[in-house]
Amino acid sequence: MPYGAEIIIDIGDTVLCDFCNEDFTNSDALGGLLFQSKGVCPTCEPEFMANVKKHGEERFIRDKPLEFESFRAFILRIRGGNNTVTVTTFNTEEDYNHEDRGKDGG
Ligand SMILES: [Zn+2]
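Residues numbered from 1 in each chain as written. Predicted model: local features only at pLDDT ≥ 70, side-chain atom pairs only at ≥ 80, totals over all residues.

Caption draft 1: Summary view of the overall build of the protein chain. A count of helical and extended segments in the protein chain gives 3 helices and 5 strands. Shown N-terminal to C-terminal, the secondary structure of the protein chain runs as helices and strands in the order β-β-β-α-β-α-β-α. Taking all 106 residues of the protein chain together, 14% fall into the buried category. A separation threshold of at least 6 residues defines the contact pool for the protein chain, and within that pool the share at least 24 residues apart is 61%. (Helix = DSSP H or I, 4+ residues; strand = E, 2+ residues; numbered from the N terminus. Buried ≥ 20, exposed ≤ 12 C-beta atoms within 10 Å, placed from the backbone. Contact = placed C-beta atoms within 7 Å.)

Written out as structure tokens, the structure is:
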């Protein structure tokens with residue numbers, strides 16, 4: 001991959017949990033939530049919420065599914081049809097070497 005390239009990937013209707021990576025694309029499971037920009041699936045939700053309460057981070061919960069709305073439908077609604085992920089490579093080899101790889105790139 002050349003430096004400075006931008007690649008746009010269309011992930012279509014694929015719905016994955018941002019924490020456990022479980023695939024909910026064909027699931028009607030209810031529940032889950034949006035924490036900042038991360039989708040938390042119904043499976044992860046109980047343990048996740050326990051931690052949120054422990055750390056007082058309720059303000060970071062951006063949205064929750066409507067009543068009877070599946071996690072999949074919820075995530076697709078939030079995306080609003082924007083199903084692309086943009087991958088940008090580093091401009092130069094130097095940029096790459098100086099990048100802090102510990103940070104959350106979203
Ligand atoms: Zn999960």
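Next comes the rest of the account.
Caption draft 2: Up close: the pairing of strand β1 (residues 6–10). Within β1, only 0 of the 5 residues are buried, leaving the element largely exposed. Pairing between β1 and strand β5 (residues 84–88): 5 bridges, direction antiparallel. Paired with Ile8 across the two strands is Thr86, which belongs to β5. (Pairing = 2+ DSSP bridges.)

Caption draft 3: Layout of the sheet that holds strand β2 (residues 33–35). Read across the open sheet, the 3 strands follow the order β3-β2-β4; overall the sheet is antiparallel. Both edges of this open sheet fall to β3 (38–40) and β4 (61–63), since each of them pairs with a single strand only. The mean angle between the axes of side-by-side strands here comes to 40°, regardless of whether they run parallel or antiparallel. As paired elements, β2 and β3 share 3 bridges and run antiparallel to each other. Bridge pairing links Leu34 to Gly39 in β3. (Axes fitted to C-alpha atoms, helices over the stretch in contact; angles between N-to-C directions.)

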